[in-house]
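Here's the letter readout for the chains.
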Amino acid sequence: MKKYLLIAMMLISSVSCTDFLVLQPENQISENTFYQTANDFNTALVGAYAGLQDLHNASVLDLGELITDNLEIQWTSPEVSEMECDQANVTSTNVYVSSVWSNCFTIVSRCNNILARIDNVSFDANLKSQYKGEALFLRAYCYFYLVRFFGDVPIVKQKFSSPEEIAAFDMTRKPAADAYALIIDDLQNSATLLANMTTLKKERASTGAAKTLLGKVYLTQKDYAKSAAVLKEVIDLNKYPLAVNYKTLFSVNNSNLGETIFEIRYLSGNLGEGNSFSSLFTPGLFNMALFPGNMNGSGRMDPTMDIYNSYETGDLRKAASIGYPVPLTNGQTQNLTYGMKFVDFTTGVIGDGGVNFTSLRYADVILMYAEALNETGKTTEAHPYLNMIRIRAGLPTLSGLGKSDFALALEKERRVEFLYEGQRWFDLIRTGRAQTVINKHFADKGLTFKVEDYELLMPIPQGEIYINPKLTQNTGY
Amino acid sequence: MKGKTFSNRVYTNYRIPNQPIFRLMMIVFLCLFMVFQGIAQTDQGKVIRGRITGTDGILLPGVNVILKGTAKGVITDSDGNYAMEVKGKDATLIFSFIGFTPQEIAVGSKTTINVVLVEDIRKIDDVIIVGYGTQRKKDLTGSIARVSAEDMNQPSASSFDQMLQGKVAGVQISQSTGSPGGNVNVIVRGISSITGGTQPLYVIDGFPISMDSGGSNMLSFGSSTYTSAGMVNNIQSRINPLSAINPSDIESIEILKDASSTAIYGSRGANGVIIITTKRGKSEKSKISFDASYGVQGIAHKLDMMNAQEYAQYVAEGRDNAYVYGGGNASDPNSMRPISQQVRPEFRNPSSITQSTDWQDQIFRIAPVQNYQLSATGGNEKLKYHLSAGYFDQQGIIKTSDYQRYSIRSNIDVIISDKLKIGSSVSGSYSTGRFPNTEGHYGTGAILTMATAISPTIPVYDDQGNYYFNQADVTDGLGFLVSPLIALREFSDKRKVSNVLFNNFLEYKILDGLTFKTSVGINFETNTIKLWKSSQIPNFTTLKSLATAGVTKTESLNWLNENTLSYKHIFKEKHSLDALIGLTAQKDSYDRLSAGASNFPTDYVTYLSAGVVNSGTHYVSEWSMMSVMARINYSYAGKYLLTATVRRDGSSKFGANNKWGTFPSVSVGYNVSEESFMKSLTFVSNLKLRLGYGLSGNNQIGNYTQIGLLSPVNYVDNNSLNPGLVPSNLANNNLAWEKSAQINFGLDLALFKDRISLTADIYKDKKTDLLLAVQLPAASGFYNSMQNVGDIENKGIEVGLQTINLRGKKFEWTSNFTISHNENKVVKLATANARIFNSANQVTEVGSPIASFFLMNQTGIFQNAAEIASSPLQSPKVQPGDMKFEDITGDGKITASDKKIVGSPWPDFTWGFENHFTYGDFSLNVSLNGSQGAETYFMGGEVIYCLTGVQNQLALANNRWRSASEPGDGVTPRAIRNNFAYGFGTGTSRLLFDASYVRIKDINLTYNVPKKITSRLSLNSVAIFADVANAFTFTKYPGYDPESSTSGDNLTSAGIDYMTYPLARTYTFGVKLSF
């Protein structure tokens, strides 16, 4: 009898346990059931784009503007990492450094994942080109940040499905030139693949965006002829009119504006899609009357008096860019600056601003083109482009500047035109003037902080070196 | 369209696996049933009758009468009578009854055998419930502790785990919060996992319950919790899941500690197993009992804060120091100073301040706690029942907090024939609780930091009787943003839990000694969380913020089928065998729906419907497991004992390559005192040695950790959400349970007729394959992957000592002392230098205990400029009076990298000491317990012991550095507004305190009304009692309670106290009647 019983028990344990013990998470999608249709790939792309929100919400501005003479902290108890940026003394444990590193690579991996899978699924060829073009643009966009901030970086172009695959991959840093080659290749392909897509909105990549970025890449590489050529192609597209009112570019409802070439979208309304600019760019005053519900700022990135004073008289951009002084709830004011650009004055919730961040816009194309022309000796031809921007700003035109004066005029113009747009650090690095300008700024403020030679590249995040000891640190850190 | 096909796919997946297994089990069950019917035998013999009494002549119902060498037996009826068929003349009957010495009587030619059983004070013959069966304590080879109902006597406690504290060696119990119905942590032999679950397995009447919905970590409760989306994610469980069980229904609790005992629970046994057995009917006269108690609770210990004058002086000092620091002169008038450094004129002259508010008195209250229990128990030889209903109501000592539980239970056993027995356990409970936001930073409206940090110089009410508010206090950063009473009123967190547990069983005696048992059980629980935050709750520096609300409803269903076949036989008188095989299947489904709303036009209606519902989620999660198991207990002449078990568990949680795991154990015992050479040592009444080794597992590793998953990440499209999906979890087909290999050596010793009995165990538990998030290079696009890579070790010693100190005719004094020591050490992590951050201030590293405190090590206070100059550079701005730190990296600079491990939240030892005195009809019970050597990071100190010249401070801050000639206590820095010193206000060893304590946990005085009085009232028994719980605590810890842990059941960040709900002192009076 016992024998039968045992057999019976063995039986039931073997018959159905395999099915019984396999459960799929019903409310989540597993990788095995996804990536089947065009729509799936679109969804995956949206996920890749979504990574840009985090990247631009603070870290790119901490490393790209707070570190410069544009912005400073107006808060008495800042975090260590913020202090490091404000004082241009970034260390390898700085959270913004690791955030840029991981955000960029996360987006890169999402793009790689799409690119690795898309050719295995058949769907509409146009859509496929578009998605590939977008993924390539995004990958290049992120690598461009990486290579500019860190120099040599690991180059990853494949997807990973298991920890073993990751362990087997060569994650060492590859020469910056390799990264640039990848970026240029991706952008060229992207521009081609997206060439016929004319209806894309500005939060998605487009051929114009790819070419604008490519122009910037060449400019950064000091390949001025190629830069001028590709930027001229963007100009000749004739589809990005300069906004009449500069302020509209940085205020609520700035989606899909004509001048915008590529934008990072945010949305207010407690949906977790807002940005922190409203809080970051305004001072940490308890009784500030800037926002509904008397929301306070946090004073993490306020304009310096230096940039406030650097606007020429009559510059329409000044009032659109910097608020001064701060109105208080008791009707008085306090003599502090605050940012106007990208600040959502309609939000009463910290971290819930709905103004989009304009990453690439036509004014940048114009000024980059002027820079490329000037650097190739065509200073005279460059003047009208600089003046286009000045005219919109309500400023008199410039004429007859020599090459180096023109370069300085451009530097100044870019500074006020692109405040808060994450350009200042890269502009100064590109022109080799970062140490001169920033060190002078500190000296003027009576501070002993200095940008050292080695600090022109950011440190590799220490945490990444712990995980992967084969990553070498940049010299000096 | 796509969504639809997808859900279809899921639907079919969901159905298929379930049905065949159910069907198969039913078929097998029916087949077995028929087979057993067929083999039932009839036996001819004579009938023996008799009556069993105690020495006092009282009839004893429920006595086991067993034919020796068989499992055949009957039980005496309510009049102590039995009748039993016996074949053969050489038969011997064994009469046994719990609490009495068994007797063996040879039948011979007798037909009537009356027996007088002698009461046995030897607890050693207690029957212990082990997994899937029982064993006599004498035959135990593993380490199992038993606590019975009469030892659990704290009427004001809402859950039984609180009552176990200090009673069981090797089990560390801490009440992490005093919140009514709140979390209690139970750690069996040390923390057992780094990322997996650390909870023991709870088995209620044979049903292993799922505790997956735990997670009472209040550290994560912050301002982000208040957004609409945050409300949706606010799913910390506030109600202790174990409080669903009415402690009055519990008959006994067995705690399986070592792996040789827990291996029978396989992949769930590694954290220890706690078996709860509820009261069942006995064949005795029906008895109805009514217990009632009423208590009052008050705060046991308020924080010692600065008074108004000390506060004013401190604020003035902080502002002057900040102003001087900025280059000013302390004598400069306010007009020259920035607003944050101005000093109010009255603060210059503290003695002029007349207003002095004790804000703690405003939020605490004297609160009642009441507990009622009505039960009926009884039965005859065919039917036994125990029915009960209970009501527990505790108002919290913080205003607006409370907890109520309604519970009901029916336990029924029916003997259908001498072969067939069925039974049912049905219980239901409904609990509700209100939980004000007590823990955390005042900026999130947390009551306790608000009430302690708020200025004592402002009144509670203004002239109009409204809550006092003055914008000027806010503007110059002095007073508090809103009154804590507003925060109490304007935030609400209501919880409801309904739990029903059904478990039916059928037992069939196939042959003498061979029994088949099958059971089917269902545990269903629903949980509701309703959160509301009005616009009056501040969000840090923002005084008023948008009102938000959230609702979460969860449903979990857990079903279980167990089938066992057990065989008991004694061969040739000396070889006793008890064997078991079994097959079980269990499945758990968890379903959570939550929604959040904001944009409420008013604060009047607190339901979602009044606002705009703009966030929500639906989450489901399931696990299933299937197991086969076997156990053999063998003993030779009661001297040599052997237990061997094996269990094989298959689980949906494990990766494809590791679906099944095997968990064997073996243990041996040697009853030395049974040896003939011990007979001469009459003072030794029992001596047993035990040695066991076993493998068990921890399957609390997440339900889908092994599957490659995508997660939604939204983006924005045309002013609306645009949903995206990104890879978020790498697949890991090798994922498996966490393994535990434990060796245990134990000694049971009883001396002088059990006047002294001692149980000591020493163990070493090596946990391997712990699941860790192996960090991956960010360039891979994944942050980490969960892999079985870590090793930890727990080793320890535990001693339980029970003594009968005095025993007179009327007076008796007995004691129970337990003490345990456990040492936790991390042996291996993903890499040799890996450092896992368990919290902002805790790390797990190889060579140290899990969750060690990792802090800047303060070495003192800078007394003068020369000392600063000769010390490692901290910041160019450091001045005398600032904190001085150890340069751990040795680079001559003090940075945030200069942290080291300075302690751990794990005690060196915990102990309990219980004394029970009886004098005539009075009995007095005094329980003490304590913990030595654990540290707690007093995170509340980041606010009320931070010396930044704003918030009110612990009176400890009166010992601050004021000047080189008034250096204070050498630890507390100077007061300086805004912490200009960059002196690392948080994460320093200054806020780490010794959390050792000695507590008089409970004093209980009971008067048992004499029989002669009760019988006149036609009552069976009456007892009245008075009880003081949490009577007094001796500790140096400056927070509310040294056991406080804001992370709740998240043990890997235990020992952080962010102003956790304090424990109450409770005075209770009660009565127990039975008739």
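Everything below is about the structure shown above.
Thresholds, definitions, all that
Counting restarts for each chain: residues are numbered from 1 in the order of the written sequence. For this description, chains carry letters from A and ligands carry numbers from 1, given in the order in which they are written. A pLDDT threshold of at least 70 governs which residues receive local features in this predicted model, and a stricter bar of 80 or more applies before side-chain atom pairs are shown or counted, although totals over entire chains, interfaces and linings include all residues. Only heavy atoms go into the side-chain values, all of them from the structure, while hydrogens and water stay out. Only DSSP runs of H or I reaching four residues or more are called helices, and only runs of E reaching two or more are called strands; each is numbered from the N terminus. We take the radius of gyration over the C-alpha atoms and set the globule estimate at 2.2 Å times the residue count to the 0.38 power. Remark: exposure states derive from per-residue accessible area (1.4 Å probe, protein chains only) relative to the maximum for the residue type, with buried under 20%, exposed over 50%, and partly exposed in between. The contact definition used throughout considers only heavy atoms, calling two residues in contact when any of these lie within 4.5 Å. To be clear on the numbers: accessible area is Shrake-Rupley with a 1.4 Å probe, and residue cover counts the displayed protein chains and nothing else. Any helix carries an expected span of 1.5 Å times its number of residues minus one. Two N or O atoms form a polar contact when they lie within 3.5 Å of each other; inside protein one atom must be a possible hydrogen donor and the other a possible acceptor, and for residues adjacent in sequence the pair counts only when both atoms belong to side chains. A fitted line through C-alpha atoms represents every axis, and for helices the fit uses only the stretch in contact; the resulting angles, taken between N-to-C directions, go from 0 to 180 degrees. Any angle that is under 35 degrees is reported as roughly parallel, and any over 145 degrees as roughly antiparallel; angles of 65 to 115 degrees are reported as roughly perpendicular and all others as oblique. A crossing counts as left-handed when the near helix is turned anticlockwise from the far one by less than a right angle, and as right-handed when that turn is clockwise. In this classification, Asp, Glu, Lys and Arg are treated as charged, Ala, Val, Leu, Ile, Met, Phe, Trp, Tyr, Cys and Pro as nonpolar, and every other residue, Gly included, as polar. Without a salt bridge and with relative accessible area above 30%, a residue can belong to a patch; like charges are then joined within 9 Å and nonpolar side chains (Val, Leu, Ile, Met, Phe, Trp, Tyr) within 5 Å. A pair is scored as a salt bridge if a Lys or Arg side-chain nitrogen falls within 4 Å of a carboxyl oxygen belonging to Asp or Glu. Should DSSP find at least two bridges between two strands, the strands are regarded as paired. Each Phe, Tyr or Trp ring, with Trp reduced to its six-membered ring, pairs with another whose centre is within 6.5 Å; inter-plane angles below 30 degrees give stacked pairs, above 60 give edge-to-face pairs, and intermediate values give tilted ones. Residues belong to a common nonpolar core when they are buried Ala, Val, Leu, Ile, Met, Phe, Trp, Tyr or Cys residues joined through side-chain atoms within 4.5 Å. Two cysteine sulfur atoms form a disulfide, by the criterion used here, when they sit within 2.5 Å.

Turning next to the overall build of chain A. Along chain A, the regular secondary structure elements total 19 helices and nine strands. What you see for chain A is a C-alpha radius of gyration of 25 Å, in line with the 23 Å of a compact globule of 477 residues. With the principal axes as the frame, chain A shows a C-alpha extent of 105 × 55 × 45 Å. When each of the 477 residues of chain A is scored for burial, the buried share is 61%. Pairs at least 24 residues apart make up 67% of the contacts formed inside chain A by residues separated by at least 6 positions. Total accessible area computed for chain A in this model is approximately 17,200 Å², and 53% of it derives from carbon and sulfur atoms.

Moving on to helix α5 (residues 95-118) of chain A. All names here are of chain A. Between the first and last C-alpha of α5 there are 34 Å, a value that for 24 residues agrees with the 34 Å anticipated at 1.5 Å per step. Extensive coverage of α5 is indicated by the burial of 20 of its 24 residues. Its side-chain oxygen at 2.8 Å from the backbone nitrogen of Tyr-96, Asn-94 defines the N-terminal cap of α5.

Residue and element names in this part refer to chain A. With an omega dihedral of -10°, the bond running from Tyr-324 to Pro-325 counts as a cis peptide bond. Structurally, Pro-325 can be placed in the loop between β5 (322-323) and β6 (326-327). Positive phi outside glycine occurs at Asn-256, with the angle close to 55°. Mapped onto the elements, Asn-256 comes out in the loop between α10 (224-237) and β3 (260-264). Of the residues examined, Asn-256 reaches a relative accessible area of 31% and is grouped as partly exposed. Even without being a glycine, Phe-342 presents a positive backbone phi close to 70°. Position of Phe-342 relative to the elements: it lies in the loop between β8 (338-339) and β9 (357-361).

Glancing now at the packing of helix α9 (residues 207-220) of chain A against α10 of chain A. All names here are of chain A. The N-to-C vectors of α9 and α10 enclose an angle of 155°; their axes lie 8 Å apart at closest approach. The angle between α9 and α10 falls in the class roughly antiparallel. Viewed along their axes, α9 and α10 form a crossing whose handedness is left-handed. On α10, the residues that touch Gly-208, Lys-211, Thr-212, Leu-214, Gly-215, Tyr-218 and Leu-219 of α9 are Tyr-224, Lys-226, Ser-227, Val-230, Leu-231, Glu-233, Val-234 and Leu-237. Of the residues in the contact of α9 with α10, the class split is eight nonpolar, four polar and three charged.

So, on to a nonpolar patch on the surface. All names here are of chain B. Taken together, the side chains of Leu-642, Val-666, Val-668, Leu-691, Tyr-693, Ile-743, Phe-745, Ile-762 and Ile-797 present a nonpolar region at the surface, about 720 Å² in accessible area. Mapped onto the elements, Tyr-693 comes out in strand β29 (residues 684-698). For Tyr-693, a relative accessible area of 40% gives the class partly exposed.

All names here are of chain B. Ordered by their spatial adjacency, three strands build an open sheet running β4-β1-β7, and the pairing between neighbours is mixed. Each of the sheet's edge strands pairs with one partner strand only, and the pair in question is β4 (81-86) and β7 (115-117). For this sheet, the mean angle separating the axes of adjacent strands, direction not counted, is 35°. Looking at chain direction, strand β1 (residues 46-54) and β7 are connected through three bridges and run parallel. Counterpart to Gly-54 in the pairing with β7 is Leu-117.

So, about the pattern of salt bridges. Tallied over the full model, the rule gives 73 salt bridges over all chains. For Asp-361 of chain B, the salt bridge identified is with Lys-302 of chain B, shortest N-O distance 2.6 Å. In this pair, Asp-361 of chain B sits in helix α8 (residues 359-363) while Lys-302 of chain B sits in the loop between β17 (287-299) and α6 (308-325), placing the two residues 59 residues apart along the sequence. Lys-767 of chain B is the partner of Asp-765 of chain B in a salt bridge, and the nearest nitrogen-oxygen pair spans 2.9 Å. Grouping residues by exposure puts Asp-765 of chain B and Lys-767 of chain B together as buried. Residues joined in a network through salt bridges with shared partners are Glu-259, Glu-312, Asp-315, Arg-317, Lys-341, Arg-361, Arg-390, Arg-392, Lys-412, Glu-413, Glu-417 and Glu-421 of chain A.

What follows covers the sheet that holds strand β13 (residues 201-204) of chain B. Whenever strands of a sheet pair, they do so through backbone hydrogen bonds, lying parallel or antiparallel. All names here are of chain B. One open sheet holds the five strands; their spatial order is β10-β15-β16-β13-β14, and the pairing between them is mixed. Either end of the sheet is taken by a strand with one partner, and the two such strands are β10 (144-148) and β14 (207-208). With four bridges connecting them, β13 and strand β16 (residues 273-278) associate as parallel partners. By the bridge assignment, Ile-204 is partnered in β16 with Ile-276.

All names here are of chain A. Taking 1.5 Å of rise per residue, 26 residues should cover 38 Å, and helix α6 (residues 125-150) covers 37 Å from first to last C-alpha, within 8% of that figure. The buried count for α6 comes to 22 of 26 residues, which makes it a mostly enclosed element. The N-terminus of α6 is capped by Asp-124, whose side-chain oxygen sits 3.2 Å from the backbone nitrogen of Asn-126. One or two positions beyond α6, positive phi appears at Gly-151, with a value near 80°.

All names here are of chain A. Across all of its chains, the model carries 62 aromatic pairs over all chains by this definition. Judged by centre distance (4.0 Å) and plane angle (25°), the rings of Phe-281 and Tyr-420 are stacked. Of this pair, Phe-281 sits in the loop between α11 (277-280) and β4 (302-303) while Tyr-420 is found in the loop between α16 (403-417) and α17 (424-430), placing the two residues 139 residues apart along the sequence. Here Phe-281 matches Tyr-420 in class, with each residue buried.

All names here are of chain B. With 24 bridges joining them, strand β25 (residues 575-598) and strand β26 (residues 612-636) adopt antiparallel strand pairing. Within β26, the position partnered with Tyr-590 by the bridge is Ser-621. Taken together, the twelve bridges between β26 and strand β27 (residues 640-651) define a ladder with antiparallel strand orientation. Note on β27: the bridge partner recorded for Ser-635 is Leu-641. Hairpin connection, β26 to β27: the antiparallel pair is bridged by three residues, and Ala-637 has positive phi, about 55°.

A separate point is the nonpolar core. Nonpolar side chains tend toward joint burial in soluble globular proteins. If you look at the biggest cluster of nonpolar residues, it comprises 157 residues, and the most contacted ones within it are Phe-137, Tyr-143 and Phe-150 of chain A. Residues within four places of Phe-137 of chain A in sequence aside, it is in contact with Leu-187, Ser-190, Ala-205, Ala-209, Ala-210, Leu-213, Phe-262 and Leu-360 of chain A. With 60 residues, the next largest nonpolar core counts Val-315, Leu-448, Ile-454 and Val-943 of chain B among its residues.

A few words now on the pairing of strand β5 (residues 92-96) of chain B. All names here are of chain B. With five of five residues buried, β5 is to be regarded as a mostly interior element. The alternating pattern of β5 places Thr-92, Ile-94 and Ser-96 and Leu-93 and Phe-95 on opposite faces, both of which are buried. The pairing of strand β2 (residues 64-67) with β5 spans four bridges and is antiparallel. When the bridges of β5 are listed, Ile-66 appears paired with Ile-94. Pairing geometry for β5 and strand β6 (residues 103-106), over four bridges, is antiparallel. Looking at the pairing, Phe-95 lines up with Gln-103 of β6.

All names here are of chain B. Tracing the sequence through the fold places Thr-972 in the loop between α13 (941-944) and β45 (992-994). A polar contact is formed between the side chain of Thr-972 and the side chain of Tyr-945, at a distance of 2.7 Å. Within the local environment of Thr-972, its side chain forms a polar contact with the side chain of Asp-969, the two groups lying 2.8 Å apart. Filtering out sequence-adjacent residues up to four positions away, Thr-972 remains in contact with Ile-861, Tyr-945, Leu-947, Leu-956, Ala-957, Asn-959, Arg-960, Trp-961 and Arg-990.

All right, on to the state of the cysteines then. Here a disulfide denotes one covalent bond, and it connects the sulfur atoms of two cysteines. All names here are of chain A. All told, the structure shown has zero disulfides over all chains when counted by the stated rule. The thiol of Cys-104 is unpaired, and the distance to the nearest cysteine sulfur, on Cys-142, comes to 4.6 Å. Take Cys-142: its relative accessible area is 0%, and that puts it in the buried class.

Residues and elements named next belong to chain A. Contact geometry for α6 and helix α8 (residues 176-193): axes closest at 8 Å, N-to-C directions at 150°. Judged by the angle between their axes, α6 and α8 are roughly antiparallel. Relative to α8, α6 is oriented so that their crossing is left-handed. Two secondary-structure elements touch here, α6 through Ser-129, Lys-132, Gly-133, Leu-136, Phe-137, Arg-139, Ala-140, Tyr-143, Phe-144, Val-147 and Arg-148 and α8 through Ala-176, Ala-179, Tyr-180, Leu-182, Ile-183, Asp-186, Leu-187, Asn-189, Ser-190 and Leu-193. Here the contact of α6 with α8 is built from residues that sort into 13 nonpolar, four polar and four charged.

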